[in-house]
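Descriptive structure summary
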Amino acid sequence: MTDAEIRQLAAELLSDIAPETDPSSLPGDRDIREELDIDSMDFLNFIVALAKRTGLAIPEEDYPRLFTMDGIAAYVGEKS
Amino acid sequence: MNEQTGTPGTNRMTYREACRQAIRHALIDDSRTFLMGEDVGLYGGCYAVSKGLLQEFGPGRIRDTPLAEAAFVGAGIGAAMAGMRPIVEIMTCNFSLLALDQIMNNAATIPHMSGGQFAVPLVIRMATGGGRQLAAQHSHSLEGWFAHIPGLKVLVPGTIEDARFMLKAALADPNPVLIFEHIVLYNEEGELDPEVEEVDIAKARVRRPGSDVSILTYGNSLPKSLEAAEELAKEGMEAEVVDLRVLRPLDNATIFDSVSRTRRCVIVDEGWKSGSISAEIAARLAEDVFFELDAPIRRVCSREVPVPYAAHMEEAALPQVGQIVEAARGLVGAR
Amino acid sequence: MMPSLGADMESGKLVKWLVEPGSTVKKGDVIAVVETHKGAFEIDIFQEGTIAELCAKEGEELPVGALLARIGAPGEKPAKAEPAPPTVEEKPAPPPPAVEPPAPPAEKPEPTGSKAVPAKAPAGRAGRAKISPVARRRAGELGIDPAALEGTGIDGSVTLVDVELAASRSRPAERPGPTSSEKRRAGFDPDQMRQAIAAAMSKSKREIPHYYLSTTIDMTRALGWLEAYNRERPPEKRLLPAVLLLRATALALKAHPQFNGFWEDGSFHPGEGIHVGWAIALRGGGLIAPAIRDVDMLSPGGLMEALRDLVGRARAGGIKGSEMMDPTVTITSLGDRGAESVLGVIYPPQVAILGFGKVVERPWVVDGKIVARPLVAASLAADHRASDGHAGGLFLSAIDRHLQEPETL
């Protein structure tokens, strides 16, 4: 997947969780949990969806790398 | 005013005169109509309602009866079944008790029991109420009681217009109709609207519109309620006074509409409180208007004693303006 | 009957029937959708039978306790029954005999242990507020608790004008509300939910003598166990720490039942089962605490499933009426981004609410040495009429102990 495709996917999945927000317009280095007001359940649901769509395992210890859009793009790009 | 004929063009008359004109015009308009009762002919009526009618219409159509209510009410029922249009006068509702079996078990039930083969187009007029020191046996208000009986219609004209025109509608009705004329109202005087030539016998009427409390009433309690409304207006409370006009069948629509708007209700009924028509109306309001109510329903009725003879005691026993004002005022509480 | 879906609910709107006369229903079937100021709820049924008659119309606003439908015995043909007049009650009373199918009282369509107190007439209760019927109705529409108001009507009763005045005073003068599309996405009206929360919380603070206890729990073992558990599982099977908090609380409640139940009519009624109300913050503002049933009997995996399902449905407006009425106790957890501790407000008529703050790394003393440990502040707010501080302390200790043995949860 390209960087743009990953970001688009992440934005799509995050929109499902936080429908009134616009994740695609988030600055890449911000903590999505703060910006989109999502809690641990939301975040886990996001991970589940992301894992399903990308086919990645995403172990718990990698979560901190996925707190920003930049981080998500980097992680998924690296692993896939 | 010519009391014998009622001079055309003169609209001012007493309630008594309105009743008389009603009977007079009924006899003129329909040859099947006649009046029968105690002292209606030679004496001119116990309350002078039929004064001069014997002279005008003759003994065939203005018939004095013996002192035998059961008999002459029964005869009236028979006459009605045979196709006449009798107006039976029972001197006062107090004596109707002697004819109760005829009224309830014959007049009210024959159309039903005959499967509609016999109609009973009978009108019974009775004087009712207290306030003339006629003591316990002669001061009843039984219109509410009669309103309990299916098969009857019960009218309570409280205005001169209704006294004048309700009889015509009652005679046109194929059912037995009871008309209760309050003894104190007979002397009331007023102006008839020349445009009005008939009235219905189905609806209650708002005599005074208001927004703060509904006063539901009839008969001689109507003028008392209107006076109470004027008192309340001075205190900034606008009472809506509804003249029930018909106690059976009650006009639910008008009653419910009024109380739904004002959300508070005082019912004024000269009958005794327990098991009275005011209780029936309060029950209907509780059933159908409950969620609109902003205060409990209040009733002003006669005290539960046989009506006293002494003037000051009789006054204390019957509903009065001050009590109506107090009841309405109490509903609003502090503002 | 229209259920009470919250301590302050007075009426609800029947949005949609999901069954019709003749439909066969069994316990748990969803039969209608009802909207209240808290949002839309699915009404599920507690009896088996055949729908005899739908008494309420779609779009109709009905007070709590109003007749919604009649149910006959299974297989019974829908008959033309006489209509029963709707009644407004402060709390839902058991339905009149005409509505009950030929089943024993245990089958009443009110959940166990909730606000329905069987056959107890509220007559003669001292100090009961007098509220006129229309004032009560209007207060329900506005999400105001009429019992809290000063009455200017007869006998000191609360009247319509008292309610309207109270509402206009509490409403902010001019404030651009959320746009209608924002409201729709949120699935409920935030203003009305705010009113509802205000009403419930005010009532709680007014009527319940709260006492507060807190303790700090070392989460090392629990989180370590969780990490190991999650490492071996794909994302969809992993657990959140909330699961452990829920389980530990539920197990502690088994030994301390005086924190699991209701205070009603002057006495404590233990809950039938441990059904934990889980406080869920809704997007766009608003709070809801529907129940997860029988938490003491669920496995961690099962509990996680239930939690995920509940939170998802809460956000989408698909909470069932029974879930709102069921909680025997409530837990509010601020998760990983909230404050360090939370002292909750009890949801009447429950008698306790547990609060868990965020897990933070702080210095801790182990064997005389200072070490960094993940700690969580656990608090208990409890109804002093139902329990005392000593018992509360023991209860919190029990939760702590369970969290030290996560493999038993």
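Residues numbered from 1 in each chain as written. Chains lettered and ligands numbered in written order. Predicted model: local features only at pLDDT ≥ 70, side-chain atom pairs only at ≥ 80, totals over all residues.

1. Digging into the sheet that holds strand S10 (residues 213–217) of chain B
All names here are of chain B. The five strands lie next to each other as S9-S11-S10-S13-S14, forming an open sheet whose pairing is mixed. The two strands at the open ends of the sheet, each matched to only one other strand, are strand S9 (205–208) and strand S14 (298–302). Across this sheet, the average inter-strand angle for adjacent strands is 25 degrees, counted without regard to direction. Pairing of S10 with strand S13 (residues 265–272) involves three bridges; the strand directions are parallel. Bridge pairing in S13 places Ile215 opposite Val266. (Pairing = 2+ DSSP bridges. Helix = DSSP H or I, 4+ residues; strand = E, 2+ residues; numbered from the N terminus. Axes fitted to C-alpha atoms, helices over the stretch in contact; angles between N-to-C directions.)

2. A short note on the sheet that holds strand S5 (residues 49–54) of chain C
Residues and elements named next belong to chain C. As summarised here, the arrangement of the three strands in space is S2-S5-S7, forming an open sheet in which the pairing is antiparallel. For this open sheet the edge positions go to strand S2 (24–25) and strand S7 (69–72), each flanked by a neighbour on one side alone. One ladder, built from two bridges, connects S2 with S5; its direction is antiparallel. Directly across from Thr24, in S5, lies its bridge partner Thr50.

3. Considering the pairing of strand S3 (residues 30–36) of chain C
All names here are of chain C. Most of S3 sits inside the fold, with five of its seven residues counted as buried. Sheet analysis places strand S1 (residues 11–17) next to S3, joined by four bridges and oriented antiparallel. Following the sheet pairing, Lys16 is matched in S3 by Val33. (Buried ≥ 20, exposed ≤ 12 C-beta atoms within 10 Å, placed from the backbone.)

4. Let's talk about the confidence of the model for chain B
Of the residues in chain B, 96% reach a pLDDT of 70 or more, and the chain-wide mean stands at 95. Here residues 1–5 of chain B scores under 50 on pLDDT; set against residues more than four positions off or in separate chains, the count is seven contacts. (pLDDT = per-residue confidence, 0-100. Contact = placed C-beta atoms within 7 Å.)

5. Re the packing of helix H1 (residues 15–29) of chain B against helix H8 (residues 160–172) of chain B
All names here are of chain B. It is at 7 Å that the axes of H1 and H8 come closest, and there the two elements cross at 25 degrees. The angle between H1 and H8 places the two elements in the roughly parallel class. In the crossing of H1 with H8, the sense of the turn from one axis to the other is right-handed. Residues Tyr15, Ala18, Cys19, Gln21, Ala22, Ile23 and Ala26 of H1 touch H8, and the partners they reach there are Ile160, Ala163, Arg164, Phe165, Leu167, Lys168 and Leu171. (Parallel < 35°, antiparallel > 145°, perpendicular 65-115°, else oblique. Left-handed = near helix turned anticlockwise from the far one by under 90°.)

6. Considering the interface of chain B and chain C
Contacts between the two partners involve 14 residues from chain B, matched on the other side by eleven residues from chain C. Of the residues belonging to the side of chain B that touches chain C, the class tally is seven nonpolar, two polar and five charged. (Nonpolar A, V, L, I, M, F, W, Y, C, P; charged D, E, K, R; others polar.)

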